[in-house]
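Residue-level listing of the chains:
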Amino acid sequence: MNEGRKELFQLIIVVTGIIFLVKLFFIQIIDTRYAQLADSNAILRQPEYPVRGLITDRNGKLIVYNTPEYKLEVLLKDVKNFDSVKFCKVFAMSPEDLRKRFKEMKARKEFSPYKPTLFLDQLSTIDFARIQDYLDEFPGFYVLARTTRAYTSPALANALGYVSEISKRQLEDDKTRIYKQGDYIGQSGIEAFYEEQLRGTRGTRFKLRNVKGIIQGSVENGKYDTLSIPGQDLVTGIDLNLQLYGEFLMRGKAGSIVALEPATGEIMALVSGPSYDPNLLTGREYSSNFRLISSDSNKPLFNRPLMAQYRPGSIFKIAQAMTALQEGVITPDTRIRCDRTIIMCHGAHSNEDLRGAIANSCNPYFHSVLRRMLNKGKVNDPYQDTRIGLEEWNHHIMSFGFGKPLGIDLPNEKSGLIPSPTYYDGAYRGKPWKFSNIYSLAIGEGENLVVPIQMANFAATVANKGYYYTPHLVKAIGDDKKPLDQYLEKHYTTIDSAYFRIAADAMQEVVEAGTGQYRARLADVVVCGKTGTVENNPPLFDHSVFIAFAPRENPRIAISVYVEDAGQGGRAAASIASLMIEKYLFGQTKRPWIEQYVLIGNFEDVKN
Amino acid sequence: MREDNISGSLDWTTIGLYAAMVFLGWLNIYAVGYDENVGHSIFTLSLNSGRQLMFIAASVVIIFGIVILDMRFYDAFAYIIYGVILLALLAIPFIGKEVGGNKAWIGIGSFGGQPSELAKFATALAVAKYIGSVGFRMDNLRNQAVLFAIIGAPMMLILLQRDAGTAMVFSCFMVVFFREGMSPFLMIVGFCAAAIFILTLLVPNQWYLHGAIAIALVMLIAFGKKKVKRMVLLTLGAILVMGVIESVDYVITDVLKPHQQNRIKALINPDADPLGYGWNVTQSKIAIGSGGISGKGFLQGTQTKFDFVPEQSTDFIFCTIGEEEGWLGSVAIIALFTTLLLRIIYLAERQKNRFARVYAYGVGSIFFFHFAVNIGMTIGLFPVIGIPLPFFSYGGSSLWGFTILLFILLKIDAHRGQLLQRV
């Protein structure tokens, strides 16, 4: 009766064993999910933030450095036995704040209890010291150390830009997948342009933790950990003293100063007025300050040296003169009567040669010069003739770096505008146009638009007698000690070098005997300059413009100054430019009356 | 003269398996409590492994005691031992202390003991004694009733201590009854009820099941013999099954306690609440599943060391083996158990008298139940039922209980020729 029951038992035992082995085979060998889950249980990936590169000036003075900052992250699945009363006490926050923070955190779309989420940001060293000892009592909360930007001076805010946490939009656009939520990224200025060089490489530490979330040590003695690699340091061409002096002079004014080293194209000063203190856009107060600064009606975030597009005014006459000489429509000795019937002029002069016309900024002279260039009589039709002439003119003028972004190492550089026939076709909507429609170009008014950095670059081109290096802020990156490749390339203009000598002569004359003689002249050095007074809508004063380089031989500085609503170029702009040149060449200024004149800023009081 | 020769007649194969399992269990208990920052040795008394070593030492003393005692003692004193253990179980609600939700401990000095662990061998002895007694007939209803009373009494007393897991162990004596000639009907009915129960939990809507049963009934009636009696029986059976299905929901929500409901829910879908009631099973599977083929190495299991699996040194000790020794280690352990179980059946079948054979089957079925349920729950094949893995789980009572079970069998087996003479 009981036959076979013994065998049945043996079968059941063996089958049970086999079922177990098969099931174990599946979960241990086939299904790799469990191994990953075990890792996510026991292994915590802690990012190690790299130190961002430092930024120094041309003399090695520190401009931007890093300061430690801590952030608190929470991994909600690890939070156990949370004592909210104690937490509030340790972190100095009210229970309402705590509740709000949890609510906000959970409301975020990307929130997951299995991912570390930012809980408190930008804790200072003092905050950290206070909470450090209590951290073990709050499993699931981790402090991450990183650094934030700090600035040695309130200078250069717009050129440096600022750093902030990567936005959601940027994170989505990031094709490299380098960034993670909560990472810092350069948002403007050098910080944005050199982001790749400055950011460094993030490291990761793998930590073991127990079921309570308490760290138990590293994984296999840190075998898989990667160390963070600091970002590359940047040496700029900025002369911090000169920069600070420029900002001091521009106080209370709107406009810009750009100073270049002609031999290299390095930017030595880049002043935008009005500006702001870069320290405001760092650390915990970033968001509130950013709102304040970005809504300021003076637009302190508008970086005028490269974003403001102005009509150049009379400084453009230098470019006109060289283009005309190159085209052979005048010689240095060509004299033209100062006929003020078509176009206004100023000062007492009547029949100047080129040098005199530049020194006195004679408008009728350049009106005639432009006519000779645009209407060469190559064809009989005056419209077609102007078209051909404008094409040739545009080609020369553009070669000075006008009418297109120069390609400096800052984002958002504007191009300005040098009109071409196509441009006027559009502007006149297909109606015919000829010289008489567009002669304002002659004196840098009309449709011309240039950017202050292009003006300074033009001054440097004249100083170099025919070529320029693209202006750039950073002269050395990291250990390479070299700027980016594109800044080592000479750009030649279409004008013969000989004509630059004539232009320089004329600019010397401007400072020594012409419109710039009162304020731009320096005792111990030959300064070449050109004033410009750009028409503004009354009752606003005209814009004051000055470009210059010095010394005449082996020039060390080329500069453009643009002061909005400040009247004639020979006053505000020429004063500031000459003070800057003096400061750079001699380390100090010896003309307190000019400095006072600039600082008081009543440029329209004296009629000149 | 025979007494002098006792060591020669003991089954050394079983003793070797026992020793290997106890030793491996001890190593794994050390691995669970291991903390590399502290670096205690395996002998440290403040660790579970140190205490387990003491329990092992005590087991050796117990083994000597069992072997030295005259084998007739177990036969003669079976009911007395059973009675004493029942009294101890009765006393627990009054003098016991609560550990881990179960009130199953009796304090003896600084050590606690669980009489329920000892009830297993006592009941096995009593069942063997009763079935082995002269005039016992398995098809006698009165005899059957007494048998069920013998296993029912400790079951009920242990259920009173809210230790359903241990109570369930006693149901495994059904296997013994089956071996001794009880009709398989009860076992088949029980198995079917369990299958329907699980099926009801797995199928979200019981109307699917009702539909399937109705279709099966129609098919059976349509294609079978058209006898009225058969048709009535089939219909009644179908109604009965449907009733079971309907009652499952009632049992789940109204009879089972919340933690028991959750254990069953965790088996069906552990991912529904991996941080709550699914935690044990989820973490247990993660630990075992992360072991791979050859495991992470002794003392290298992260889940083991950092306490991710609760009760890992006791009921979930198999996780340590799965994680640190991998699939190959698991194969070895399962092979050890399978070999031991087959060996016990071999020993049982070579007994010459009924008392010895019934006792041996009792031992085998108890070990099998523990082995199947314990490992089954750690790999998610069975609901979480808190019973230890014999010889591996940490704890004095369970180790002693299993040791006594096994060595009484070995003692009886050593004298199997003598028994023949006596009867």
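Criteria and cut-off values
- Residues numbered from 1 in each chain as written.
- Chains lettered and ligands numbered in written order.
- Predicted model: local features only at pLDDT ≥ 70, side-chain atom pairs only at ≥ 80, totals over all residues.
- Heavy atoms only, no water.
- Helix = DSSP H or I, 4+ residues; strand = E, 2+ residues; numbered from the N terminus.
- Buried < 20%, exposed > 50% of the residue type's maximum accessible area, 1.4 Å probe, protein only.
- Areas by Shrake-Rupley, 256 points an atom, 1.4 Å probe, with all protein chains shown as cover.
- pLDDT = per-residue confidence, 0-100.
- Salt bridge = Lys/Arg side-chain N within 4 Å of Asp/Glu carboxyl O.
- Contact = heavy atoms within 4.5 Å.
- Buried area = accessible area lost by both parts, 1.4 Å probe.
- Polar contact = N/O pair within 3.5 Å; in protein donor to acceptor, adjacent residues only side chain to side chain.
- Nonpolar A, V, L, I, M, F, W, Y, C, P; charged D, E, K, R; others polar.
- Domains from an automatic or database assignment.
- Pairing = 2+ DSSP bridges.
- Axes fitted to C-alpha atoms, helices over the stretch in contact; angles between N-to-C directions.
- Parallel < 35°, antiparallel > 145°, perpendicular 65-115°, else oblique.
- Phe/Tyr/Trp six-rings, centres within 6.5 Å; stacked < 30°, edge-to-face > 60°.
- Lys NZ or Arg CZ within 6 Å of the ring centre and 35° of its normal.
- Core = buried A, V, L, I, M, F, W, Y, C linked by side-chain atoms within 4.5 Å.

Structural notes on the overall build of chain B
Moving on, step 1. The helix and strand tally for chain B stands at 19 helices and 3 strands.
Moving on, step 2. Scored against the burial criterion, the 423 residues of chain B give a buried share of 51%.
Moving on, step 3. Accessible area for chain B stands at about 18,700 Å²; split by element, carbon and sulfur atoms hold 69% of it.

Looking at the confidence of the model for chain B
Moving on, step 1. Per-chain confidence: chain B averages 83 in pLDDT, with 87% of residues scoring 70 or above.
Moving on, step 2. The weakest mean pLDDT in chain B belongs to strand 3 (residues 111–113) of chain B at 53; the strongest belongs to helix 16 (residues 317–349) of chain B at 94.

As for the pattern of salt bridges
Moving on, step 1. A full pass over the atoms with the stated rule returns 33 salt bridges over all chains.
Moving on, step 2. Asp70(B) is paired through a salt bridge with Arg72(B); the nearest N and O atoms lie 2.8 Å apart.
Moving on, step 3. Salt bridges linked by common partners bring Arg52(A), Arg149(A), Glu191(A) and Glu195(A) together as one network.

Things to note about the interface of chain A and chain B
Moving on, step 1. In this assembly, 33 residues from chain A lie in contact with 46 residues from chain B.
Moving on, step 2. Together chain A and chain B conceal approximately 3,600 Å² of surface at their shared face, both sides included; 74% is due to carbon and sulfur atoms.
Moving on, step 3. Summed over the shared surface of chain A and chain B, the result is 0 salt bridges.
Moving on, step 4. On the surface where chain A and chain B come into contact, there are 5 residue pairs in polar contact (both at pLDDT 80 or more).
Moving on, step 5. Looking at the side of chain A that touches chain B, the elements that each hand over two or more residues are helix 1 (5–30), helix 2 (33–42) and strand 8 (203–209) of chain A.
Moving on, step 6. No other element matches helix 1 of chain A, which puts 19 residues into the side of chain A that touches chain B.
Moving on, step 7. Looking at side-chain class alone, the side of chain A that touches chain B contains 21 nonpolar, 8 polar and 4 charged residues.

Focus on the domain arrangement of chain A
Residue and element names in this part refer to chain A.
Moving on, step 1. By the assigned domains, chain A splits into domain 1 (44–76 + 106–236) and domain 2 (240–600).
Moving on, step 2. Counting residues at the interface gives 37 residues for domain 1 and 39 residues for domain 2.
Moving on, step 3. Carbon and sulfur atoms supply 57% of the area buried between domain 1 and domain 2, which totals about 3,100 Å² over both sides.
Moving on, step 4. Across the domain 1-domain 2 interface, the total number found is 2 salt bridges.
Moving on, step 5. With a shortest N-O distance of 3.0 Å, glutamate 261 and arginine 58 are connected by a salt bridge.

What about the sheet that holds strand 9 (residues 215–218) of chain A?
Residue and element names in this part refer to chain A.
Moving on, step 1. The 3 strands are arranged 1-8-9 in an open sheet whose pairing can be described as antiparallel. A strand with exactly one partner marks an edge of an open sheet, and here the two such strands are strand 1 (43–48) and strand 9. With direction set aside, neighbouring strand axes in the sheet form an average angle of 40°.
Moving on, step 2. Strand direction decides the pairing type here: strand 1 and strand 8, joined by 6 bridges, are antiparallel.

Topic: the environment of Asp127(A)
Residue and element names in this part refer to chain A.
Moving on, step 1. Examined against the element boundaries, aspartate 127 turns out to sit in helix 5 (residues 125–131).
Moving on, step 2. Of the residues examined, aspartate 127 reaches a relative accessible area of 16% and is grouped as buried.
Moving on, step 3. Along the sequence, aspartate 127 and isoleucine 178 sit 51 residues apart, while their C-alpha atoms lie 29 Å from each other.

With respect to the sheet that holds strand 19 (residues 543–550) of chain A
Residue and element names in this part refer to chain A.
Moving on, step 1. Taken together, the 5 strands give an open sheet; going across it, the order is 12-11-20-19-18, and neighbouring strands pair in antiparallel fashion. The sheet is open, and its two borders are formed by strand 12 (266–273) and strand 18 (528–534), each paired with just one other strand. In this sheet, adjacent strand axes meet at a mean angle of 5° when their direction is disregarded.
Moving on, step 2. Bridging between strand 11 (residues 255–261) and strand 20 (residues 557–563) involves 6 bridges; their strand directions are antiparallel. Its bridge partner lying in strand 20, isoleucine 257 is registered against valine 561.

Considerations on the packing of helix 15 (residues 363–374) of chain A against helix 16 (residues 382–398) of chain A
Two measures define how a pair of helices packs: the angle their axes make with one another and the distance between the axes.
Residue and element names in this part refer to chain A.
Moving on, step 1. The interhelical angle for the contact between helix 15 and helix 16, taken along N-to-C directions, is 105°, at an axis separation of 7 Å. On the basis of the axis angle, helix 15 is roughly perpendicular to helix 16. Where helix 15 abuts helix 16, its residues Leu370, Met373 and Leu374 lie against Asp385, Thr386, Gly389, Leu390 and Trp393.
Moving on, step 2. Residues of the contact of helix 15 with helix 16, tallied by class, amount to 5 nonpolar, 2 polar and 1 charged.

Section: the side chain of Gln508(A)
Residue and element names in this part refer to chain A.
Moving on, step 1. By the element assignment, glutamine 508 lies in helix 20 (residues 497–512).
Moving on, step 2. Look at glutamine 508 and you get buried, because its relative accessible area is 19%.
Moving on, step 3. Sequence-distant contacts of glutamine 508, defined by excluding residues within four places in its chain, comprise Val526, Val527, Cys528 and Arg552.

What to know about the packing of aromatic side chains
All names here are of chain A.
Moving on, step 1. A complete count under the given rule lists 51 aromatic pairs over all chains for this structure.
Moving on, step 2. One aromatic cluster is present, formed by Phe82, Phe87, Phe91, Phe102, Phe119, Phe138 and Phe141 through successive ring pairs.
Moving on, step 3. Against the face of tyrosine 245 rests lysine 583, its NZ or CZ located 5.1 Å from the ring centre.

Digging into the environment of Val271(A)
Residue and element names in this part refer to chain A.
Moving on, step 1. Relative to the elements of secondary structure, valine 271 occurs in strand 12.
Moving on, step 2. C-alpha of valine 271 to C-alpha of alanine 157: the two residues are 114 residues apart in sequence and 9.0 Å apart in space.
Moving on, step 3. Excluding residues within four positions of it along the chain, valine 271 makes contact with Gln243, Gly246, Glu247, Met250, Gly255, Ser256, Ile257 and Pro305.

Some details on the nonpolar core
Moving on, step 1. Grouped together as the largest cluster of nonpolar side chains are 119 residues, with contacts concentrated most on Phe177(B), Phe318(B), Tyr359(B) and Phe391(B).
Moving on, step 2. Those residues within four positions of Tyr359(B) in sequence are excluded, and the remaining contacts are Phe121(B), Ala124(B), Leu125(B), Ala128(B), Ile404(B), Leu405(B), Ile408(B), Leu409(B) and Ile412(B).
Moving on, step 3. Within the second largest apolar cluster, 92 residues are counted, among which are Ile315(A), Ile318(A), Cys345(A) and Ala558(A).

Details of unusual backbone geometry
All names here are of chain A.
Moving on, step 1. Cis geometry marks the peptide bond from glycine 273 to proline 274; its omega dihedral reads -5°.
Moving on, step 2. Following the sequence through the fold, proline 274 ends up in the loop between strand 12 and helix 11 (286–294).
Moving on, step 3. At the junction of alanine 550 and proline 551, the peptide bond is cis and its omega measures out at -15° in the coordinates.
Moving on, step 4. We note that lysine 465 has phi near 60°; this positive angle belongs to a residue other than glycine.
Moving on, step 5. Inspection of the secondary structure assignment puts lysine 465 in the loop between helix 19 (452–463) and strand 15 (467–469).
Moving on, step 6. Looking at lysine 465, the relative accessible area reads 17%, which means it is buried.

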